[in-house]
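Spelled out from the first residue to the last, the chains are:
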Amino acid sequence: MTDMTNRSAGKSNAEHISAGLARRHRKESILKGFGIAAISFAFLILGILLMTLVSTGYKAFTQTHLTIDVYVDPDVITRDALPRGAFDDLLENTLVEEFPDVDSSQDRRALLRIFSNGAQFTLRDRVVENPDLIGQTVSLNVPVADNFDQLNKDLISRDTPEEFRRLSDQEIAWFDALDEAGMISNPINFGLLTNADSRFPELAGLKGALVGSFWALLTCFLISFPVGIGAAIYLEEFAPKNKISDIIEVNINNLAAVPSVVFGLLALAVFIGWFGMPRSAPFVGGLTLALMTMPTIIIATRAALKSVPPSIREAAMGLGASRQQVVFQHVVPLAMPGILTGTIIGLAQALGETAPLLLIGMNAFITSAPSGPFDSATALPTQIFIWADSPERGFVSRTSAAILVLLAFLAFMNGIAIYLRQKFQRKW
Amino acid sequence: MNDMTKVERDLNMSDAKIEARGVNLHYGTNHALKDVSIEIADRTVTSFIGPSGCGKSSFLRCLNRMNDTIDICRVTGQIMLDGQDINAASVDPVQLRAQIGMVFQKPNPFPKSIYDNVAYGPKIHGLAKSKADMDAIVEKALRRAAIWDEVKDRLHEPGTGLSGGQQQRLCIARAIATEPEVLLMDEPCSALDPIATAQVEELIDELRRDYAVVIVTHSMQQAARVSQKTAFFHLGHLVEFGDTGRLFTTPNDPRTESYLTGRIG
Amino acid sequence: MTTFAFALLFAASVFGYAWNRQAASSLRNDGQRLHSLSGFHGLYSFLCVSIPVFVLILVWLVFQGSVIDWLVTAPIAPENYATLETGPKQLVLAEIKSIAGGRIFGTPEDWKLAAAERLIQLRTMSAWLLLAAVFALAVTQVLRARRRVDADFRARQGAERMILGLIQFCAIFAVFVTVGIVFSLTFETIKFFRMVPPLEFLFGLNWEPQIPIRADQIAGAGAFGWLPVIVGTMVITVIAILVAVPTGLLTAIYLNEFASSRARAIIKPILEILSGIPTIVYGFFAVLVVAPAMRQFGADLGIAISPNTALAAGSVMGVMLIPFISSFADDALSAVPQSLRDGALALGATRGETMLSVLFPAAIPGIVGGVLLAVSRAIGETMIVVMAAGLIANMTLNPLDSVTTVTVQIVTLLIGDTSFDNPKTLAAFALGMMLFLVTLVINIFALRIVRKYREIYD
């Protein structure tokens, strides 16, 4: 092997290499392009998802209302039989006064359907509360029925031929007349948050679901937080390195990956079947969610404990503190931001969890908010499931709106977690 | 340039393989190399010595633009390879690195077979026209790295299964398989035992016949044993550069003397 | 009443704390050298009181319902209650409870009224008994703890032993959960296999869990062969993985090798949003957007695509898994030592070549672990398929058909009223058992691979 041969080999290699360079860089660009394409795909789907939710959901944040003066006719409503009075007749008469040419009883009933089904009860409740209103004129501001709400929001097109439309030409004409009279308004729909569930989309709200989710999350927190932290502290700081600790460790890691529906089966069989706890109760839901959240909290807490440097432990230990004093007075407080962050993220996951709640019956149709954790209730995600499954068109936008509410809560919780992480993050 | 005044002028300019002028290097706000100028001769072993953190490894990584892979790293000044600026926009670092091989502090064989480790460079650069061609390249590289006899029967076993010294020689074989013109070695023996070190040092001496070898070392004895030229770095400055024998016996700069006698470092 | 019991628990614990602490302090003021600080004497008493009383209340609450039910129904004439099926039994009990709650519909039989009367009495009695028991136990414990206050008493060790026991119990609780899952699933599955032979379940080709309402109905004899269900699950899982793995891996490769740190700081949180969205939202998205779009697309091409096609459910599930795979792969790639990357680059490899021929192969074990975990997630994922996949078990591999999955069947079989004695309900538990076992095996395997992989480079 002489110097000459090597050198000449080197030279020809250099030419060889530069010849292939363009092709190799092209390959690299292709790989890069694929990567960008993959990320764009994910972003695109996320974008479409959010856009769809907002574009279908925002319409449910307002609700078409009809404002009308109702004369509480003493001939129709009497003091003796107030709650069972024929308030629907009252409303019907009022509308017929607006449209004097309507006379057949069929048309009169059709006219009444402009009102939401809840209108008569709103009126009834006001009169029951204050019976002096009988004989007077009451100004009533109530939601219109779903179909008219959709008409007002252009979700029902006037251009559709009548036979394919859910509203007849006559009904549209009535509605337009009311609109022209300035009786139709479209204010912000507070009912979405303050009403409980209903079969009628225009009346359905999330109050029951919000309260139910609140009780379930509270239960979940009260159980999973102390137990999870306790378990993590034991495993990280006190557990001897032996077979039993290994089993517990493997067990917790696996538990974190068990499908959520299996926890639902557990809850159904054990809590409801064996312990006889009530179905559909947020307490049972919270208990189930706690079992699922616990592994998340344990894993996050252990990571937080691990990140506290041993020097802190040694310093405290050197001053004669007992092991528990070291852990509870020094390590745990320092790890607290990490623990809280993990807990909030775990709770946010629990808030969005649906399947186990379905199995314990938290998808019941309940028209009042629960007054405690043992009452039947729905939760936000199960309410979304119920609405998504409902055939009425009005529930489509309600479902999107409910999802937006749920996502807002999740964003809020994760925001707190991120804030905690950034504010208290320590570099050791 | 202040530090360069004492650099011997007897270098044969035409023989310079690499010529660096006024190289400065910043890691973020840290000024790691200050105005370094040096000429590295072909077919010579040049060693960089100095206390840790003096910038010798950073400078080595400038020579094949490995610092490009570090986001916060900024290099200014001129480094010429055969009279061409390696930092010029027209120079592709990929091609540059094929011309300038590098061996690292810790042996880093890929988790592949011994054969695939050595064949990796030629393969990506398309240097072999056929399987037989490739076999020949691999054998030649392994022979020159003086490891052929030890591995010829197990070419298809993982390279990570070799001993530390063997792994390092495998990495050298991998580096020379692409027929580079310069070989950079970043403390190649620091992770090796004395016997393996001796083998690698012997190999470096062999390689001098074909390549310009630049070796960073923390061991003055090693520098004295293997290199013909030595550069002493201190706090980012190139303090002194010259023939190894001369620099070790009669250093010109008091800092060099302090280092050689163990007062700094 | 329960609230009152908890208030009593709290008050007694705090009282015990204060009393013991004060006693210990006065010992010290008398000039004795205490072994433990007075605070620990207080803590000792606090724990001595609160732990047993809390356990008492919990046990009471868990069992009082069943015991009261039993006491209420025991005196009822057997033909009215004891001989009935489970379903009617529950109805009777529910009616008695609603009568007791003051909601009377129609005119109930006398024995129901009597039972309701008993129920009210028993409930009141139980509440008072609980209070009495809590009070007695709390007083005993406070006194016992107080008696132990002494200069030599090692209150700190005593309290710390109790705390250790407490957190030890917390750790073991997680094992109880697993045991509970295994036990309850096994129990119900065995009941199921008494009605449906295991061989029929495991190898049957028909899944028609409808149970005839009347004995003479021919319509649904009920067939419980789970093969079409598991085939459907696999079809959807495969689609999801086909969407998620390439996208996720390419995302990770880009983030790991090509993206600037600024781009990373923007891209990663957005991907995390994708993984933070609840699955029910994805399900709604699949129904509202993806499935109709695919149907329209199919119609344009002249292909009939069913409204709840496996493709829609699977691909939406795939999108859900993208961030899961990408973060796993990103971690695995980052775990490959820098020296390997440097080695390849120094040989003149481009970044792409470094990634594909060195880093990626080195990270494969970690990535495989992540993909397996994703498979297990896809199999166990419920809401997307409940909303977007079908209910009928078709034995087909065609992704454009409608298929059903294990989780869909579990949910549909258990939604609504359930009683634990008909094969329809129990079948859900048998499916749950299979689901649990399959995912468990995959998880253990995957977690082991991931752990081994971490050990290589640590």
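Reference entry: report on the structure contained in this document.

What counts and what doesn't
- Residues numbered from 1 in each chain as written.
- Chains lettered and ligands numbered in written order.
- Predicted model: local features only at pLDDT ≥ 70, side-chain atom pairs only at ≥ 80, totals over all residues.
- Heavy atoms only, no water.
- Contact = heavy atoms within 4.5 Å.
- Buried area = accessible area lost by both parts, 1.4 Å probe.
- Salt bridge = Lys/Arg side-chain N within 4 Å of Asp/Glu carboxyl O.
- Polar contact = N/O pair within 3.5 Å; in protein donor to acceptor, adjacent residues only side chain to side chain.
- Helix = DSSP H or I, 4+ residues; strand = E, 2+ residues; numbered from the N terminus.
- Phe/Tyr/Trp six-rings, centres within 6.5 Å; stacked < 30°, edge-to-face > 60°.
- Buried < 20%, exposed > 50% of the residue type's maximum accessible area, 1.4 Å probe, protein only.
- Nonpolar A, V, L, I, M, F, W, Y, C, P; charged D, E, K, R; others polar.
- Core = buried A, V, L, I, M, F, W, Y, C linked by side-chain atoms within 4.5 Å.
- Pairing = 2+ DSSP bridges.
- Axes fitted to C-alpha atoms, helices over the stretch in contact; angles between N-to-C directions.

**Thoughts on the interface of chain B and chain A**
For step 1, the next point in the chain: At the junction of the two partners, chain B supplies 17 residues and chain A supplies 14 residues.
For step 2, the next point in the chain: Its largest share of buried area at the contact with chain A, chain B owes to B:Arg43, B:Gln95 and B:Glu179, together 28% of the area lost on that side.
For step 3, the next point in the chain: For the pair chain B and chain A, the interface holds zero salt bridges.
For step 4, the next point in the chain: Our enumeration of links across chain B and chain A arrives at three residue pairs in polar contact (both at pLDDT 80 or more).
For step 5, the next point in the chain: Elements with a contribution of two residues or more to the side of chain B that touches chain A: α2 (93–99), α3 (114–125) and α4 (131–144) of chain B.
For step 6, the next point in the chain: The biggest single contributor to the side of chain B that touches chain A is α2(B), with three residues.

**Some thoughts on the packing of aromatic side chains**
Aromatic ring pairs are described here by two measures, namely the spacing of the ring centres and the angle between the planes.
Residues and elements named next belong to chain C.
For step 1, the next point in the chain: Tallying each qualifying case throughout the model produces 28 aromatic pairs over all chains.
For step 2, the next point in the chain: Ring centres 6.2 Å apart and planes at 55° place the aromatic pair Phe 6 and Phe 54 in the tilted group. Taken together, the residues span a long stretch of sequence, with Phe 6 in helix α1 (residues 2–29) and Phe 54 in helix α2 (residues 38–73) at a distance of 48 residues.
For step 3, the next point in the chain: Using a relative accessible area of 38% as the deciding quantity, one classes Phe 54 as partly exposed.

**Observations regarding the interface of chain C and chain A**
For step 1, the next point in the chain: If you look at the interface, chain C gives 81 residues, while chain A gives 74 residues.
For step 2, the next point in the chain: Note on chain C versus chain A: buried area summed over both sides is about 6,500 Å², and carbon and sulfur give 80% of it.
For step 3, the next point in the chain: One can count one salt bridge joining chain C with chain A.
For step 4, the next point in the chain: Here A:Arg24 and C:Glu353 are joined by a salt bridge, their closest N and O atoms 2.8 Å apart.
For step 5, the next point in the chain: At the junction of chain C with chain A, the criterion picks out eleven residue pairs in polar contact (both at pLDDT 80 or more).
For step 6, the next point in the chain: It is helix α5 (residues 155–195) of chain C that provides the largest number of residues to the side of chain C that touches chain A, a total of 21 residues.
For step 7, the next point in the chain: Of the residues assigned to the side of chain C that touches chain A, the class counts are 55 nonpolar, 20 polar and six charged.

**A look at the nonpolar core**
For step 1, the next point in the chain: If you look at the biggest cluster of nonpolar residues, it comprises 194 residues, and the most contacted ones within it are C:Ile181, C:Trp207, C:Tyr282 and C:Ile410.
For step 2, the next point in the chain: Ranked by the residues each element gives to this core, the list is headed by helix α7 (residues 227–258) of chain C, at 16 residues.
For step 3, the next point in the chain: Among all residues touching C:Ile410, those that are not within four sequence positions of it are A:Val261, A:Leu265, A:Leu359, C:Ala428, C:Leu431, C:Gly432 and C:Leu435.

**Looking at the sheet that holds strand β10 (residues 237–243) of chain B**
Residues and elements named next belong to chain B.
For step 1, the next point in the chain: One open sheet holds the six strands; their spatial order is β6-β7-β8-β3-β9-β10, and the pairing between them is mixed. Every other strand in the sheet has two partners, leaving β6 (100–103) and β10 as the edge strands with one partner each. Shown here is a sheet whose adjacent strand axes are inclined to one another by a mean of 15°, direction ignored.
For step 2, the next point in the chain: Pairing analysis gives four bridges linking strand β3 (residues 45–49) to strand β8 (residues 212–216), with the strands arranged parallel. Its bridge partner being in β8, Val 45 is matched across the sheet by Val 213.
For step 3, the next point in the chain: With respect to the sheet, helix α6 (residues 164–176) is in contact with β6 and β7 (182–186), its orientation differing from that of β6 by roughly 170°.

**Comments concerning the pairing of strand β1 (residues 16–27) of chain B**
All names here are of chain B.
For step 1, the next point in the chain: For β1, the tally of buried residues reaches nine of twelve residues, placing the bulk of the element in the interior.
For step 2, the next point in the chain: The antiparallel hairpin formed by β1 and strand β2 (residues 30–41) contains two residues in its connecting segment, where Gly 28 sits at a positive phi of about 60°.
For step 3, the next point in the chain: With eight bridges joining them, β1 and strand β4 (residues 73–81) adopt antiparallel strand pairing. Directly across from Ala 20, in β4, lies its bridge partner Ile 79.

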